[in-house]
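# What the coordinates show
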Amino acid sequence: RVFPFTLFGSVVIFLLVTRLLSRRRSISKDLQMAIRQHEFYLDYQPILDIETQRCIGAEALLRWRRNGEVIAPDIFIPLAESNGVMTLLTDEVFRLAARDMSKVMQDSEDFYLSINLSGHDLTVPGLTERLRHMLEAFGLAGDRFMLEVTESSFVDNEHSRELIREVRRLGFKVAIDDFGTGFSNFAYLQRYEFDFLKLDRLFVETISVDDVRSNLVFHLIELAEKLNVQVIAEGVEESEQAVKLLEKGVSRAQGWLYGRPCRARRFIRDFCKPAAPLTV
Ligand code: C2E
Ligand code: MG
Ligand code: MG
Ligand code: MG
């Protein structure tokens, strides 16, 4: 009685598993092919000094152009992570960034480039070596870069702690990204050597609408400062938000108010104006 049922069950499970595996293989092949065929590119979004309105850096944001349609990173990054292609993709990001931005960075001394790492990147051995190679490709020092790690993808263990120490020894600044969407774990800020905290858009959004919750945000900012972590506000869309953030001591911001992510050429044209000559 039980036998035919179990046999049927096994066949169904077998079919499901093979289907899943072949789907996985095909996504992984698609992504590798897409890298080879240069379907990925980077958009750059300016990061500004709120007070002077000067562009002090850029965040590189990955895009996939596939059959004329642009696919957002929130869609393909998880696919790349679960299909073993994330390392290749992160290397492609560094390659693209070097191609687009090394000249800008060599020309302006205090401009930095921010690059997103996925949680998966932190678990793969050899990241420090790959970063060293990237610096050689740019011909630049590590302190011209910031590495962003999202709070939710961050695995809290000794390996991550050591890795962050290592990349900081190479000069990289390290930021915890999307702070506020994960556990907003302040213990992280004490235990890890983060230089920056990127306050998530969801937090920034509350500033102009809700007094109680914006007070909470302001307390977070104070706490971060006490822990020697500088705050960058993400997703600033209204000038009122910028004014309030500045009042609370946040001096760096990013968002549509200042500029949307755009292609390198346009970014350089619009945001990397040469410094005005000093007139006496
Ligand atoms: P993120 O690092 O937090 O990047 C900020 C996201 O907010 C970007 O979305 C950006 O376009 C968007 N944004 C910026 N300003 C505003 C604003 O004022 N209003 C609104 N509504 N949105 C704003 P995007 O480009 O779709 O990237 C989504 C996420 O994908 C990123 O979040 C990052 O976690 C991930 N990602 C992007 N590029 C890469 C990459 O090269 N490697 C890895 N591992 N992850 C990446
Ligand atoms: Mg980011
Ligand atoms: Mg973010
Ligand atoms: Mg995000």
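On a predicted model such as this, the values are computed, not experimentally measured, just so you know.

### Remarks on the coordination of the magnesium ion (ligand 3)
In an ideal tetrahedron of four donors about a metal, each angle is 109.5 degrees. In an ideal octahedron of six donors, the angles are 90 or 180 degrees. Taken together, D177 (OD), D178 (OD), E234 (OE) and E234 (OE) make up the protein donors of the magnesium ion (ligand 3), found 2.0 to 2.4 Å from the metal. Every donor residue of the magnesium ion (ligand 3) comes from the same chain, spaced as D-D-x55-E. For the pair the magnesium ion (ligand 3) and the magnesium ion (ligand 2), the metal-to-metal distance amounts to 4.0 Å, and D177 bridges them. Pair noted here: D177 is in strand 6 (residues 173-179) and E234 is in the loop between strand 8 (230-233) and helix 10 (239-247), with a separation of 57 residues, a long-range link. Assessed through its relative accessible area of 11%, E234 is described here as buried.

### Section: the side chain of T90
Residue placement: T90 occurs in helix 3 (residues 86-107). Setting aside residues up to four positions removed in sequence, T90 forms contacts with L117, D121 and R130.

### Describing the packing of aromatic side chains
A complete count under the given rule lists nine aromatic pairs for this structure. Joined through ring pairs, the aromatic side chains of Y44, F111, F267 and F271 make up one cluster. Against the face of F218 rests K248, its NZ or CZ located 4.7 Å from the ring centre. Sitting over the ring of W256, R260 keeps its end group 3.7 Å from the ring centre.

### Notes on the pairing of strand 7 (residues 196-199)
Residues F196 and K198 line one face of strand 7 and the alternating positions L197 and L199 line the opposite face, and both faces are buried. Where strand 6 and strand 7 come together, three bridges link them in parallel fashion. Bridged to F179 within strand 7 is L199. As paired strands, strand 7 and strand 8 are joined by four bridges and run parallel to one another.

### Section: the site of ligand 1
Close to ligand 1 lie 24 residues; R63, D177, D178, E237 and W256 are nearest. One nitrogen or oxygen atom from the side chain of R201 is found 3.4 Å from a nitrogen atom belonging to ligand 1. Contact distances for ligand 1 include 2.8 Å between an oxygen atom and a backbone N or O atom of W256. For ligand 1, the protein covers 85% of the area, taking 810 Å² as the surface of the free molecule. Elements supplying a minimum of two residues to the shell around ligand 1: strand 2 (54-66), helix 2 (73-82), helix 3, strand 4 (112-117) and strand 6. Counting residues per element, the shell around ligand 1 draws most heavily on strand 2, at four residues. Classifying every residue of the shell around ligand 1 by side-chain character gives ten nonpolar, five polar and nine charged.

### Comments concerning the pattern of salt bridges
The full count for this structure, using the stated rule, is 22 salt bridges. Put simply, D43 and R63 hold a salt bridge, and the shortest N to O gap is 3.2 Å. With a gap of 20 residues between them, D43 in strand 1 (residues 40-49) and R63 in strand 2 connect regions that are remote in the sequence. Each member of the pair, D43 together with R63, is buried. D91 is paired through a salt bridge with R130; the nearest N and O atoms lie 2.9 Å apart. Placement of the pair is D91 in helix 3 and R130 in helix 5 (residues 127-138), with a sequence separation of 39 residues. Judged by its relative accessible area of 32%, D91 is partly exposed. The exposure class assigned to R130 is buried, which follows from its relative accessible area of 15%.

Procedures and definitions
- Along each chain, residues carry numbers from 1 onward, in the same order as the chain's sequence is written.
- The order in which chains are written sets their letters, starting at A; the order in which ligands are written sets their numbers, starting at 1.
- Reporting of local features is limited, given that this is a predicted model, to residues whose pLDDT is at least 70; pairs of side-chain atoms are given and counted only at 80 or more, and all residues count toward the totals for whole chains, interfaces and linings.
- Water and hydrogen atoms were dropped before computing side-chain values, which therefore reflect all heavy atoms in the structure.
- Water is not among the atoms examined, so metal sites may look incomplete; donors are the N, O and S atoms within 2.8 Å of the metal, or within 3.2 Å for Na, K and Ca.
- Strands here mean DSSP runs of E at least two residues long; helices mean DSSP runs of H or I at least four residues long; both are numbered from the N terminus.
- Accessible area is worked out with a 1.4 Å probe on protein chains only. A residue is then buried under 20% of its type maximum, exposed over 50%, and partly exposed in between.
- In what follows, a contact means two residues having at least one pair of non-hydrogen atoms within 4.5 Å.
- Classification of ring pairs uses Phe, Tyr and Trp, with its six-membered ring standing for Trp, and accepts pairs whose centres are within 6.5 Å; under 30 degrees between planes counts as stacked, over 60 as edge-to-face, and the remaining range as tilted.
- The criterion is that NZ of a Lys, or CZ of an Arg, lies within 6 Å of the ring centre and within 35 degrees of the ring normal, and then a charge sits over that ring.
- Strands qualify as paired when DSSP identifies two bridges or more between them.
- When at least one non-hydrogen atom of a residue lies within 4 Å of a molecule or strand, that residue is treated as near it.
- N or O atoms within 3.5 Å of each other form a polar contact, as long as, within protein, one can give a hydrogen and the other can take it, and as long as residues adjacent in sequence are counted only when both atoms are side-chain atoms.
- To be clear on the numbers: accessible area is Shrake-Rupley with a 1.4 Å probe, and residue cover counts the displayed protein chains and nothing else.
- Residues are sorted three ways: Asp, Glu, Lys and Arg are charged, Ala, Val, Leu, Ile, Met, Phe, Trp, Tyr, Cys and Pro are nonpolar, and all the rest, Gly among them, are polar.
- We define a salt bridge as a side-chain nitrogen of Lys or Arg found within 4 Å of a carboxyl oxygen belonging to Asp or Glu.

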